[in-house]
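Structural features, examined
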Amino acid sequence: QVDLVESGGGLVQAGASLRLSCVVSGRPTSSYAMGWFRQAPRQEREFVAAINWGAGNTAYGDIMEGRFAISADNGKNTVYLQMNSLKAEDTAVYYCAADSRGWGLLGNATDYDYWGQGTQVTVSS
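In this text the structure is predicted, and so the values were computed from the model without any measurement. (Residues numbered from 1 in each chain as written. Predicted model: local features only at pLDDT ≥ 70, side-chain atom pairs only at ≥ 80, totals over all residues. Heavy atoms only, no water.)

If you look at the biggest cluster of nonpolar residues, it comprises 29 residues, and the most contacted ones within it are W36, V79, L81, M83 and Y94. For this core, the secondary-structure elements that each account for two or more residues are β1 (2–7), β3 (18–26), β4 (33–39), β5 (46–52), β7 (68–73), β8 (78–83), β9 (92–99) and β11 (119–124). In this structure, M83 is in contact with A16, S17, L18, L20, R67, F68, Y94 and V121, ignoring residues within four places of it in sequence. Residues F37, F47, A50 and Y112 belong to the second largest nonpolar core, which totals six residues. (Core = buried A, V, L, I, M, F, W, Y, C linked by side-chain atoms within 4.5 Å. Buried < 20%, exposed > 50% of the residue type's maximum accessible area, 1.4 Å probe, protein only. Helix = DSSP H or I, 4+ residues; strand = E, 2+ residues; numbered from the N terminus. Contact = heavy atoms within 4.5 Å.)

The following block contains the structure:
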């Protein structure tokens with residue numbers, strides 16, 4: 001059992017950067033995958049990025065275009081999502097998620113067992 005709490009969202013102008021944080025409580029093992037998803041109004045939840053908690057391997061959604069970077073600080077039990085060159089279409093609620101079986105790098109939301117409440121990111125054009 002893990003709990004996830006996101007922070008760092010807000011309102012920014014296009015071209016700005018934001019860093020989202022996800023504090024992980026509980027005892028995630030090295031097999032866990034931690035991911036970020038986003039959901040815009042009237043759209044399906046979309047895979048952004050994932051990282052293996054133990055090995056640090058990463059995976060990204062196809063549309064991220066190299067603008068986003070996921071990282072983890074195991075000592076602080078925190079996962080980060082650095083977002084650069086933000087666009088209006090990046091506006092969404094961003095969710096942190098944890099997958100206990102380690103399949104999460106495939107990017108399927110159904111593989112994730114635990115979800116945070118989400119943090120709103122709004123990018124004005």
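Moving on from the coordinates now.
Bringing the state of the cysteines into the picture now. Within this structure, the stated rule accounts for one disulfide. Put simply, C22 and C96 are joined by a disulfide, and their sulfur atoms are 2.1 Å apart. Looking along the S-S bond of the C22-C96 disulfide, the torsion reads about -80°, which is the left-handed sense. With C22 in strand β3 and C96 in strand β9, this residue pair connects regions lying 74 residues apart in the sequence. Judged by its relative accessible area of 0%, C96 is buried. (Disulfide = S-S within 2.5 Å.)

Topologically, S21 is positioned in strand β3. Looking at S21, the relative accessible area reads 15%, which means it is buried. If we ignore the near neighbours within four places in the chain, the residues touching S21 are V5, E6, S7, W36, T78, V79 and Y80.

Here the focus is the pattern of salt bridges. Here the structure, examined in full by the defined rule, presents four salt bridges. A salt bridge links E46 to R38; the nearest nitrogen and oxygen atoms lie 2.7 Å apart. Judged by its relative accessible area of 26%, E46 falls in the partly exposed class. Using a relative accessible area of 6% as the deciding quantity, one classes R38 as buried. Across the pair D90 and R67 runs a salt bridge, and its minimum N-O distance is 2.8 Å. Taken together, the residues span a long stretch of sequence, with D90 in the loop between β8 and β9 and R67 in the loop between β6 (58–60) and β7 at a distance of 23 residues. Looking at R67, the relative accessible area reads 11%, which means it is buried. Linked through salt bridges whose partners overlap, the residues forming this network are R38, E46, R67 and D90. (Salt bridge = Lys/Arg side-chain N within 4 Å of Asp/Glu carboxyl O.)

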